[in-house]
Amino acid sequence: MRLSREKIVRISHQITDVLVASDDVEFVDDRDTIRQQIVLILTATLREEEKADVEARKRISSQKKEILEGSEEWDVLYRKYYSDELRRMGIAAAPEERQHHHRP
């Protein structure tokens, strides 16, 4: 997902507002420092997701047979390869892993 710098900053303000309003969160640093860290985290995560997208597309295009983008087969492979890349990067857990780590 590609977001403009402006949208990332807007989201960081919204996240910071939620954290400030929460009784469960106590800030150690000032609000703006926290918000800037949120911007860095969001930007880095989005960059990693873009890399996962590129890698998933490369893997599909390297198949022996041509698989047309938009086809059901392409969509299935893309979801699998994209998920594999995110897991490899430590961004997302496999659905099976999430089910086992579910906390009530």
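Preceding this section is the structure that the text describes.
Rules of the game
- Residues numbered from 1 in each chain as written.
- Predicted model: local features only at pLDDT ≥ 70, side-chain atom pairs only at ≥ 80, totals over all residues.
- Heavy atoms only, no water.
- Core = buried A, V, L, I, M, F, W, Y, C linked by side-chain atoms within 4.5 Å.
- Buried < 20%, exposed > 50% of the residue type's maximum accessible area, 1.4 Å probe, protein only.
- Helix = DSSP H or I, 4+ residues; strand = E, 2+ residues; numbered from the N terminus.
- Contact = heavy atoms within 4.5 Å.
- Polar contact = N/O pair within 3.5 Å; in protein donor to acceptor, adjacent residues only side chain to side chain.
- Salt bridge = Lys/Arg side-chain N within 4 Å of Asp/Glu carboxyl O.
- Phe/Tyr/Trp six-rings, centres within 6.5 Å; stacked < 30°, edge-to-face > 60°.

(A) Inspection of the nonpolar core at higher detail. Judged by nonpolar contacts, A52, A56, I60, I67, W74, L77, Y78, Y81, Y82 and L86 together constitute the single largest core of 10 residues. Listed by contribution, the elements that provide at least two residues to this core are α2 (31–61) and α3 (72–89). No other element matches α3, which puts six residues into this core.

(B) Region of interest: the environment of I60. Within the element layout of this structure, I60 appears in helix α2. In this structure the C-alpha to C-alpha distance between I60 and Y78, which are 18 residues apart in sequence, comes to 7.1 Å. Those residues in contact with I60 that sit more than four places away from it in its chain are I67, W74, L77, Y78 and Y81.

(C) Spatial organisation of the side chain of T16. For T16, the position within the fold is in helix α1 (residues 5–21). Looking at T16, its side chain comes within polar contact range of the main-chain oxygen of S12, at 2.7 Å.

(D) Structural detail: the pattern of salt bridges. Summed over all chains, the structure comprises 12 salt bridges. One salt bridge connects R31 with D17, and the closest N-O pair in it is separated by 2.0 Å. Placement of the pair is R31 in helix α2 and D17 in helix α1, with a sequence separation of 14 residues. By relative accessible area, which is 41% here, R31 ends up partly exposed. Taking the shortest distance from any N to any O, the salt bridge between K80 and D84 comes out at 3.0 Å.

(E) Inspection of the packing of aromatic side chains at higher detail. Within this structure, the stated rule accounts for two aromatic pairs. A ring pair is formed by W74 and Y78, whose centres lie 5.1 Å apart and whose planes are at 10°; its orientation type is stacked. Residue W74 and its partner Y78 are located together in helix α3, separated by four residues, close to a single helical turn. You can call W74 buried: its relative accessible area is 9%. For the pair Y78 and Y82, a centre-to-centre distance of 5.5 Å together with 20° between the ring planes defines the contact as stacked. Of this pair, Y78 and Y82 both sit in helix α3, four residues apart, which is roughly one turn of that helix. Using a relative accessible area of 16% as the deciding quantity, one classes Y78 as buried.

Shape descriptors only; they carry no functional weight alone.
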